Amino acid sequence: AQEREFDLQGYVFEAAPEQLRTPRIVRVGLIQNKIILPTDAPVLNQITALHKRVSEIVEVAAFCGVNIVCFQEAWTMPFAFCTREKEPWTEFAESAEDGFTTRFCQELAKKYNMVVVSPILERDEIHGGTLWNTAVVVSNTGQFLGKSRKNHIPRVGDFNESTYYMEGNTGHRVFQTQFGRIAVNICYGRHHPLNWFMYSINGAEIIFNPSATVGAVSEPMWSVEARNAAIANHCFTCAINRVGTEYFKNEFTSGNGKKAHHEFGHFYGSSYVAAPDGSRSPGLSRTHDGLLVAEIDLNLNRQTADKWNFKMTGRYDMYADELTKATQNDFKPNIIKE
Ligand SMILES: NC(=O)NCCC(=O)O
């Protein structure tokens, strides 16, 4: 890691021994990185440079025995959605099933016997070439296991992502892998407790949250949101954010009366893993590329659930009924007045 100029941190989350179940030990790897080339370099060169950088880090993850690795949101590109320009950014979009990047991840997965979670800008040729913000999940066998699209599109600050793609239509899929059931709640979805909850309802044991977010917008919330989700849902969560400041040739405005600018703010990294018992790892650096390896025992999920019983005490039928009413046009809030 030192030779390759990135930080490497490792942590262990233990569970109590049980009589009837053996420990279910899994190593997850979280990768955060800067973009490599300037944002006006040729598109394919930018993608290839990022593939090379990430493969150097994944090789170290393999030395560390990582079973499931997850990259940051839209990892093959600069986070250009602040610009509202279509070109050249839409050219970074690729097929989730058999694009250049998925094929690259399939090679990594096979070589290292590792599940790879690869969040990309997806172009869906079957549906008119539409774009989506999508996480591709590649099995450790190298098979394309499936894809999960970002459910909530930000409308905050310079995150002008609705210019590029729509709210996802893949629901709250969970992927059964050899190392446990995983789900992907992409970036802004972490502000929605029900989004985490629905992945958990479908059986997710580890929920990844690949993100791209900047200090001024979200840093005070970062350290608590994924952690709360792990507690509330009796599962592990993995929050990943890119690092660096990305410069764009054409100025853009933030629609707030302030001067036009070329960059969006600092992506503050700080990737971390949180456990169902409320503990969490320290975060990776705010400024450097990094790999965080966490060895987790999935038995901790049920142990914490048996202690706190959130799933058992949850009044889901009551909420479902009230929420159904609250989403109707003729809804009347349940307020008692004198
Ligand atoms: N990429 C993305 O959804 N960012 C939105 C800002 C945030 O959620 O922190």
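Owing to the predicted nature of the structure, the values given are computational and were not obtained by experimental measurement.

Notes on the site of the ligand
In the neighbourhood of the ligand, 13 residues make up the surrounding shell, with Glu73, Lys150, Arg190, His191 and Thr213 lying closest. In the model, an oxygen atom of the ligand is placed 2.6 Å from a nitrogen or oxygen of the Thr213 side chain. Protein contact buries 100% of the 280 Å² of open area that the ligand shows by itself. Its residues assigned to classes, the shell around the ligand comprises 6 nonpolar, 3 polar and 4 charged.

Let's talk about the pattern of salt bridges
Side chains that carry opposite charge are capable of pairing whenever their charged atoms lie near each other. In the structure shown here, the tally under the stated rule is 21 salt bridges. Here Glu161 and Lys150 are joined by a salt bridge, their closest N and O atoms 2.7 Å apart. In this pair, Glu161 is assigned in the loop between strand S6 (144-149) and strand S7 (175-177) and Lys150 in the loop between S6 and S7, connecting sequence segments 11 residues apart. Here Glu161 falls in the buried class, since its relative accessible area comes to 1%. Here Glu167 and Arg155 are joined by a salt bridge, their closest N and O atoms 3.1 Å apart.

Looking at the UniProt feature "domain: CN hydrolase" (unreviewed entry) in the protein
Taking the UniProt record as the reference, the feature "domain: CN hydrolase" (unreviewed entry) is found at residues 26-298. Taken end to end, residues 26-298 is 23% helix and 31% strand, and its two terminal C-alpha atoms sit 7 Å from one another.

Thoughts on a nonpolar patch on the surface
Where nonpolar side chains cluster on the molecular surface, the patch consists of Leu194, Met318, Tyr319 and Leu323 and spans about 380 Å² of accessible area. If you tally residues by element for the nonpolar patch, the top one is helix H7 (residues 316-326), at 3 residues. Classification of Leu194 by relative accessible area gives exposed; the value is 52%.

Comments concerning the nonpolar core
Of all hydrophobic cores here, the largest spans 30 residues; its most connected members are Val28, Ile68, Ile206 and Phe208. For Phe208, the residues in contact, after removing those within four places along its chain, are Val28, Leu30, Ile68, Cys70, Val117, Ile182, Ala183, Val184, Asn185 and Cys238. Counting 26 residues, the second-largest nonpolar core is a separate cluster that includes Val58, Phe71, Phe104 and Ala109.

So, how was this worked out
- Residues numbered from 1 in each chain as written.
- Predicted model: local features only at pLDDT ≥ 70, side-chain atom pairs only at ≥ 80, totals over all residues.
- Heavy atoms only, no water.
- Near = heavy atom within 4 Å.
- Polar contact = N/O pair within 3.5 Å; in protein donor to acceptor, adjacent residues only side chain to side chain.
- Areas by Shrake-Rupley, 256 points an atom, 1.4 Å probe, with all protein chains shown as cover.
- Nonpolar A, V, L, I, M, F, W, Y, C, P; charged D, E, K, R; others polar.
- Salt bridge = Lys/Arg side-chain N within 4 Å of Asp/Glu carboxyl O.
- Helix = DSSP H or I, 4+ residues; strand = E, 2+ residues; numbered from the N terminus.
- Buried < 20%, exposed > 50% of the residue type's maximum accessible area, 1.4 Å probe, protein only.
- UniProt positions renumbered as here; feature names shortened; annotations may be inferred.
- Patch = residues over 30% accessible without salt bridge, like charges linked within 9 Å, V, L, I, M, F, W, Y side chains within 5 Å.
- Core = buried A, V, L, I, M, F, W, Y, C linked by side-chain atoms within 4.5 Å.
- Contact = heavy atoms within 4.5 Å.

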